[in-house]
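# Architecture and fold: a report
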Amino acid sequence: MNQNLAPVEAAFSARRWRVTLGVREVLRILETHDHFLSAHEIEKILDHSLDVTTIYRVLEKLQEVRFVHEFQGKWRLCSDCHNQTESHHFLICENCGSAEEIFLDYHEAISDQLAREKQFLLKKVHLGFLGTCRNCR
Ligand SMILES: [Zn+2]
Ligand SMILES: [Zn+2]
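Residues numbered from 1 in each chain as written. Chains lettered and ligands numbered in written order. Predicted model: local features only at pLDDT ≥ 70, side-chain atom pairs only at ≥ 80, totals over all residues. Heavy atoms only, no water.

### Points about the coordination of the zinc ion (ligand 2)
By definition of the ideal shapes, a tetrahedral metal site with four donors has angles of 109.5 degrees and an octahedral site with six donors has angles of 90 or 180 degrees. Protein-derived ligands of the zinc ion (ligand 2) are C93 (SG), C96 (SG), C133 (SG) and C136 (SG), with the metal-ligand distances lying across 2.2 to 2.3 Å. Each of the 4 donor atoms bound to the zinc ion (ligand 2) contributes to angles spanning 106 to 113°, and the resulting shape is tetrahedral. Spacing between the donor residues of the zinc ion (ligand 2) along their common chain follows C-x2-C-x36-C-x2-C. Look at C133 and you get buried, because its relative accessible area is 15%. (Donors = N, O, S within 2.8 Å, 3.2 Å for Na, K, Ca; no water. Tetrahedral: all angles 85-135°; square planar, octahedral: opposite > 155°, others 65-115°. Buried < 20%, exposed > 50% of the residue type's maximum accessible area, 1.4 Å probe, protein only.)

### Some remarks on the sheet that holds strand β3 (residues 87-93)
Strands sit in the order β4-β3-β5 across an open sheet of 3 strands; the sheet is mixed. Of all the strands in the sheet, just β4 (99-104) and β5 (129-131) have a single pairing partner and so form its edges. Mean inter-strand twist for the sheet, computed between neighbouring axes without regard to direction, equals 25°. Of the pairings in the sheet, the one linking β3 to β4 comprises 6 bridges and is antiparallel in character. The partner of I92 across the bridge, within β4, is A99. (Pairing = 2+ DSSP bridges. Helix = DSSP H or I, 4+ residues; strand = E, 2+ residues; numbered from the N terminus. Axes fitted to C-alpha atoms, helices over the stretch in contact; angles between N-to-C directions.)

Function cannot be inferred from these measures alone, as they are strictly geometric.
Spelled out as structure tokens, the structure:
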């Protein structure tokens, strides 16, 4: 368990951030859930041993080093944080709440078209795919 701890420690120490007990605890919870969790849900799972402000702070740091993803105010562990070339998105099942991460390689095509047709400089894309997963179909 906590197989993500070593890369998180490396990323945190590069930024001179401390890997606190809170970071370890939030990571431990995210590792055992494959759907998105809100800070309040994490607080409840941890039996209020961390307050929600601390959890938010931890999640924001983890997000900054790209170990977690946020979607509609909920977070999930990235399934391949070393993949920085493709865009990370999720297939979210509206029935069971499962969230499967997918990697899409469209960024260059879209940013080229937006630059060409609209002189728009693309920085980030927000996309969510809501539907029914293979287990619920
Ligand atoms: Zn990811
Ligand atoms: Zn489902």
